[in-house]
Each structure stands twice: as structure tokens, then as C-alpha cells.
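Structure assessment
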Amino acid sequence: MKKWIMAPLLAFALSPVHAQPLNVANWNDYIDPAVLADFTRETGIEVNYRTYDSDQEVYALLKQGEALDVVVPSTDNFGKLIREGLLRPYAAASLPGFEALEPLIMARVAGHDPTHEYGVPYLWGSIGLAVNVPQAEAALGGPVPNTWGLVFDKALLARLSACGVTLLDSANDVTSLLANYQGRSLGTAGEAYVSRVLEQLGRLRPHYRYIDSSRYVDDLGSGKLCVSMAWTGDALAAAAKGLPVKFMVPEEGSLVFVDILAIPAAAKNPEEAQAFIRYMLRPEVSARIARATYYQTPNARARQALEAEGGSVQAARLSADMFGYQAPREEVGKLIDDFWPRLLENRVGSR
Ligand code: N2P
């Protein structure tokens, strides 16, 4: 009798089919879809995958109590989510594969999560300018200078704006880049200086066609835009596809971002979420994702494999002098957060 009852129970326990799908939210164009299919094939865990375009969006999803099991915030946002109790600790430092993560990247993450309880890095990358060269040359009447002035200098911008200039919808990154362009650093900046930077962005706003982090690549490719502030991978992937998009790192330098695999406090499937994160930590999986997205892996073993096969972009190494992003102080961060929606919607003049 006991046997009869146990058999179906056992079969259920061993069955790889999980009733609830794992809800994963990640940045747009930031995965190799075949990796998700392979994860499901191996573990039986179905993945319900959705994308977002900005840190504000994922913050809002968590605040609204959206049922998510894995999210991938950028480092600053990660810190904010931890402080607000929106993430669940999962002893990230004890996961297999943790030891292969690059020390420089881990130092950056440690600024927000010193003992690595809440997250491991997923990918990193930097920001530059993506240019439709023939169009931009025509607008400027000559060669395109490799400077952040293309998006921040009023005179250059005025010449380019008719053919289309855009910024990324990434508040801290844009503010930090404009501060760097002016020889300052966001990390040490006070409220008075940052208010002036934001006012300046407000005055430049009429010259930007839009501020968005996903539409610009197609629009550059089809000639609807001239110059866009761009995520490395998105621009390099477009160039690799043959679109007329050139990615440049301006001579003033740029910044590096790191995105983190985290589990929301309200996750319904934390065990499966951990299984997903463990899978992402495998060197071959991280290398596959880097290959497909043209972003960089934080995994030293994956990087070595990419290097060996000549994937110079994906195998890029973070160097200590690669510069200049420091998270803003909390009150400065609030100032930026408050201003940003008004800049997006082009109502900076009003209160
Ligand atoms: C966009 C991914 C960019 C991530 N494809 C920025 N944190």
C-alpha cells in the first residue's frame, strides 16, 4: 500500500517539469536566447523572460510588487534595491564559479554589497558614441571629431540636431559623463554643482530627438539619426550585422557599468532563481552570452576562452585606469532621480 502511494509522489519529485515558470527580467538585447532554451532543457525550469530599458523601470516593477524571480540591475541601482529591502540575500559568494569572477569587477560590486550576499556580476560594458558617419559628416561639413562634445557641446549639437542626436535613458551615466566632460567627478560632486549640470542638460534638451536606450540602434542604421550615446554591445552588434553604425570611445574617456544577477525579496521561486544564477556563472554560458551580445564577461575563465578564439571585443579586460564612474552620494542621487523624468518628457522648464 505504502509503495503505491510513494511511487507517484516520487515520480512527481523527480519530474523535471516545474509547475511555475521562473520570471526573469533583464535588459533589452542582453542574452543569447539559445542559453535560455538550454537551461530549460537541462533543469526542466521554464523561463518567462521579459526585458526592460532602464534602471527606473526595474525599480518601479519591484516597487509595484511585480512577480519576478531574477532581475539584473546595474550596480548603483543594485545598491539602492538592497538599501530599500527589495532584494533577497542568497549567499552569492558561496556559489560555484564565484572564484572565477574578475577582482576589479568584484571590487566595484563590493561598494554596494561588501560581503557578496545579494548578487554576482552578469555582464559589463561601457558607453560611447554610435555614429552614422556619412550623415554626421554631411551635417558637420567634414570629419566627425571623436569627442563627447558631439552630444554635450552646444555649438556642435546645434549643427547635428537636425539630423538626429539622442542620449541613453540612464540618468547617473549621462550626468557622470557630462561631469567628466567638464573635468569633474560625479562621486565627489555636491548638490550645487550637480544642479548646475542638470540645468545644463535641461538647456540642451531641445537638441535631443529623444532619450531612450533601445530605439537608437535601428534608427541610426536606417539613417533617422546621426549620433547617439550608446551601450557598447548594442552598437558593436549593429556594426557586426553590417548596419552603417560606427562605435567610438571619445578621447576624453568613458565609463564602465556592471550589471548584477539578483533575486527580488518577493520572489516566488528563489530556489529556481539560484539554479538560474548558478547556470549563468558557468564559464561556457557566460562566454556564449558575451559572444551573442558583444558585451563583456566578468568571468576570467570565459574571458580566456574568448581571447583564445580571437573575440577581442568580448574578451576586453577591465583595467584599473578605465575610468571614471563613481556612484553619486545619496542626496545627489535623489536629485538626479527627481529631475530625470522631467528631462525625459521634455518638461524641464516646469515644476
Ligand atoms: C542594453 C544593455 C545595457 C545594460 N542592451 C546597461 N546597464
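Anyway, here's the lowdown on the structure attached to this text. (Residues numbered from 1 in each chain as written. Predicted model: local features only at pLDDT ≥ 70, side-chain atom pairs only at ≥ 80, totals over all residues. Heavy atoms only, no water.)

Examining the state of the cysteines
Which entries qualify depends on this criterion: Any two cysteine sulfur atoms lying within 2.5 Å of each other are counted as a disulfide. Secondary structure is summarised from DSSP: a helix means a run of H or I of at least four residues, a strand means a run of E of at least two, and numbering begins at the N terminus for each. Burial classes: relative accessible area under 20% of the type maximum marks a residue as buried, over 50% as exposed, and values in between as partly exposed (1.4 Å probe, protein chains only).
The tally for this structure, following the rule as stated, stands at one disulfide. Each sulfur of the disulfide joining C163 and C226 lies 1.8 Å from the other. Between C163 and C226, the S-S dihedral sits near -110°, and the bridge is therefore left-handed. With a gap of 63 residues between them, C163 in the loop between α8 (154-160) and β5 (165-167) and C226 in the loop between α11 (216-221) and β7 (227-231) connect regions that are remote in the sequence. A single burial state applies to C163 and to C226, both of which are buried.

Considering the site of the ligand
Just so we agree on the cut-off: Definition of nearness: a residue and a molecule or strand are near each other if at least one heavy atom of the residue lies within 4 Å of the molecule or strand. In protein, a polar contact means a hydrogen-donor-capable atom and an acceptor-capable atom, both N or O and within 3.5 Å, with residues adjacent in sequence counting only if both atoms are side-chain atoms; elsewhere, any N or O pair within 3.5 Å suffices. A 1.4 Å probe and the Shrake-Rupley method give the accessible areas. Residues count as covered only by the protein chains that appear here. Three categories are distinguished: nonpolar for Ala, Val, Leu, Ile, Met, Phe, Trp, Tyr, Cys and Pro, charged for Asp, Glu, Lys and Arg, and polar for the others, with Gly belonging to the last.
The full set of residues close to the ligand is W27, N28, D29, Y30, W231, D234, F257, D259 and Y295. Take D234: an N or O atom from its side chain is 2.9 Å from a nitrogen atom of the ligand. Out of a free accessible area of 270 Å², the ligand has 99% covered by protein chains. Each residue belonging to the shell around the ligand can be placed in one class, and the counts come to five nonpolar, one polar and three charged.

What about unusual backbone geometry?
Even without being glycine, D29 reaches a positive phi, approximately 50°. For D29, the location among the structural elements is in the loop between β1 (22-27) and α2 (33-43). Owing to a relative accessible area of 53%, D29 belongs among the exposed residues under this scheme. Even without glycine at this site, H116 takes up a positive phi of about 55°. For H116, a relative accessible area of 11% gives the class buried.

Observations concerning the pairing of β1
Here is the rule: Whether two strands pair depends on DSSP finding at least two bridges between them. Orienting the strands away from the viewer, one traces the path from the first strand over the helix to the second; a clockwise path indicates a right-handed crossover.
Most of β1 is tucked away: six of the six residues are buried. Taken together, the six bridges between β1 and strand β2 (residues 47-52) define a ladder with parallel strand orientation. When the bridges of β2 are listed, L22 appears paired with V47. Taking the sense of rotation as the criterion, the β-α-β connection linking β1, α2 and β2 turns out right-handed. As paired strands, β1 and strand β3 (residues 70-71) are joined by two bridges and run parallel to one another. The residue of β3 that forms the bridge with V24 is V70.

Focus: the pattern of salt bridges
Operational definition: Any carboxyl oxygen of Asp or Glu that lies within 4 Å of a side-chain nitrogen of Lys or Arg is treated as forming a salt bridge with it.
Tallied over the entire structure, the rule returns 14 salt bridges. One salt bridge connects R282 with E42, and the closest N-O pair in it is separated by 2.6 Å. You can see R282 sitting in the loop between α13 (270-280) and α14 (283-293) and its partner E42 sitting in helix α2, a full 240 residues away along the chain. What makes R282 partly exposed here is its relative accessible area of 30%.

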